[in-house]
Amino acid sequence: MSLIEDIHARARAARRRIALADADDPRVIEAARGARDQGLADIILVGARTPILAQGDISGFEIHDPADSPHASALAVAFAALPRHRAFTAEKVARAMSDPLTFAAMLVRAGHADGTLAGARSTSSDVLRAAARAIGPAPGAPLISSSFLMVRERPLLFADCAQTVEPDAEALAVIAAQSADTYAALTGDTPVVALLSFSTAGSARHAAARKVSDAARLLKNARPDLLSDGELQLDAAIVPEVAAAKAPASPVAGRANVLVFPSLEAGNLAYKTAERLGGWAAIGPIMQGLDRPANDLSRGCSADDILTMIAITALQAPAR
């Protein structure tokens, strides 16, 4: 069984309720039908009712239009009561709750759905803003980050590719820990974490490389249970022959499966290069550090990408 097949099988066993915004997009509807037919999840479609109905076969789906949902009033009250929204005017609350992204996230917060997924038509910033507003960070989580599950011969996890633009050493250590936990949860394998740089073990002297080595030290102190190292160049992290020459004493070099990039710019370019030129499947962004599951999609996603992200979102949801 492939990793994707295993993720789908575990999602079927969990059978969570997933709210899909951007629900008038044909790719979203195709993926929703796939989830329905394969039993991956119970699907809630969130958005304007008329364009959703125009998509054809939507039997078996619950539809929530923010304009007429039976939960609209209660969710608006709950949204307004959140500490970060108490200064909102009634008009601002109404405007926020008319947005399918926020409405879907509030369905999750209120327990009507176990997770939410959007981004086929919405920008990542809009998706993440809605999740942060309505769901917020998990207790004790110092930040929200993202990762991509990259699948070809073997699975790798890339982070952070969609959320934290310029992490400092402390943020980089948190991203690495969150990403290791994501890798373990999705693959069932032991994460081996490499914090990446243009330098390996001090081969270059620069503040950017020091940031990564500082992050690696912070990660080891905070999570001694994790197998981690840095700073490492990409080839030293994943190619055993290069690792033997550049970092022979590293417990991680040559066998890393969680690759933590020093900035969003580096991570985003890396995953798109691997996907478009290297033929890797890029699954994500998978959001980390939220109180409940809310995931993003690339606007270039396919229906199959969305289907797998439905399964991943289902696996992130806690047991009811």
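The coordinates are above.
Residues numbered from 1 in each chain as written. Predicted model: local features only at pLDDT ≥ 70, side-chain atom pairs only at ≥ 80, totals over all residues. Heavy atoms only, no water.

## With respect to the nonpolar core
Now for step 1: Formed by 56 residues in total, the largest nonpolar core has its most connected members in L20, I43, L45, L149, L195 and I310.
Now for step 2: Among the elements that make up this core, the one with the highest residue count is helix 8 (residues 169-187) (10 residues).
Now for step 3: One finds A21, L75, F103 and A134 within the second-largest nonpolar core, a separate group that totals 30 residues. (Core = buried A, V, L, I, M, F, W, Y, C linked by side-chain atoms within 4.5 Å. Buried < 20%, exposed > 50% of the residue type's maximum accessible area, 1.4 Å probe, protein only. Helix = DSSP H or I, 4+ residues; strand = E, 2+ residues; numbered from the N terminus.)

## Description of the packing of aromatic side chains
Now for step 1: Under the counting rule described, the total for this entry stands at three aromatic pairs.
Now for step 2: Note on F148 and Y271: the rings are 3.7 Å apart at their centroids and 20 degrees apart in plane angle, and the pair reads as stacked. Of the two residues, F148 sits in strand 5 (residues 145-151) while Y271 sits in helix 12 (residues 264-276), which places them 123 residues apart along the sequence. Comparing F148 with Y271 shows no difference in burial state: the two are buried. (Phe/Tyr/Trp six-rings, centres within 6.5 Å; stacked < 30°, edge-to-face > 60°.)

## Quick word on the pairing of strand 2 (residues 41-46)
Now for step 1: For strand 2, the buried fraction is high: five of the six residues fall into the buried class.
Now for step 2: As paired strands, strand 1 (residues 16-20) and strand 2 are joined by five bridges and run parallel to one another. Across the sheet, R16 pairs through a bridge with A41, a residue of strand 2.
Now for step 3: Following the backbone out of strand 1, through helix 2 (residues 26-38) and into the adjacent parallel strand 2, one traces a crossover that is right-handed.
Now for step 4: Summarising the sheet, strand 2 and strand 3 (residues 62-64) pair through three bridges and their orientation is parallel. Paired with I44 across the strands is E62, a residue of strand 3. (Pairing = 2+ DSSP bridges. Right-handed = clockwise from strand over helix to strand, strands pointing away.)

## Considerations on the environment of C161
Now for step 1: Note that C161 resides in the loop between strand 6 (155-159) and helix 8.
Now for step 2: Relative accessible area serves as the criterion here: at 1%, C161 is assigned to the buried category.
Now for step 3: Separated by 109 residues in the primary sequence, C161 and A270 place their C-alpha atoms 8.4 Å from one another.
Now for step 4: Those residues in contact with C161 that sit more than four places away from it in its chain are S146, F148, L264, G267, N268 and Y271. (Contact = heavy atoms within 4.5 Å.)

## Examining the pairing of strand 5
Now for step 1: Of all seven residues in strand 5, seven are buried, a share of seventy percent or more.
Now for step 2: Covered by surrounding structure in strand 5 are S145, S147, L149 and V151 together with S146, F148 and M150, the residues of both alternating faces.
Now for step 3: Pairing of strand 5 with strand 10 (residues 281-288) involves six bridges; the strand directions are antiparallel. Residue pairing for strand 10: S145 is matched across the bridge by Q288.
Now for step 4: Pairing analysis gives five bridges linking strand 5 to strand 6, with the strands arranged antiparallel. Along strand 6, the bridge assignment pairs S147 with A159.

## Description of the sheet that holds strand 10
Now for step 1: Within the open sheet, the six strands sit side by side as 8-7-9-6-5-10. Their pairing is mixed. Sheet topology places strand 8 (227-232) and strand 10 at the edges, where each strand pairs with a single neighbour. Adjacent strand axes in the sheet meet at a mean angle of 20 degrees, parallel and antiparallel pairs treated alike.
Now for step 2: The sheet contact formed by strand 6 and strand 9 (residues 258-260) spans three bridges and is parallel. Note that in strand 9 the partner of F158 across the bridge is L259.
Now for step 3: Docked against the sheet, helix 9 (residues 207-222) engages strand 7 (192-196) and strand 8, running at close to 170 degrees with respect to strand 8. (Axes fitted to C-alpha atoms, helices over the stretch in contact; angles between N-to-C directions.)

## Points about the packing of helix 1 (residues 3-14) against helix 8
Now for step 1: Between helix 1 and helix 8, whose axes approach to 9 Å, the crossing angle comes to 80 degrees. Classified by the angle between their axes, helix 1 and helix 8 sit roughly perpendicular to one another. Taking contact as the criterion, the partners of L3, I7 and R10 in helix 1 are, on helix 8, A185, L186 and T187.
Now for step 2: Among the residues forming the contact of helix 1 with helix 8, the class breakdown is four nonpolar, one polar and one charged. (Parallel < 35°, antiparallel > 145°, perpendicular 65-115°, else oblique. Nonpolar A, V, L, I, M, F, W, Y, C, P; charged D, E, K, R; others polar.)

Honestly, that's just the spatial picture; any functional story needs more than this.
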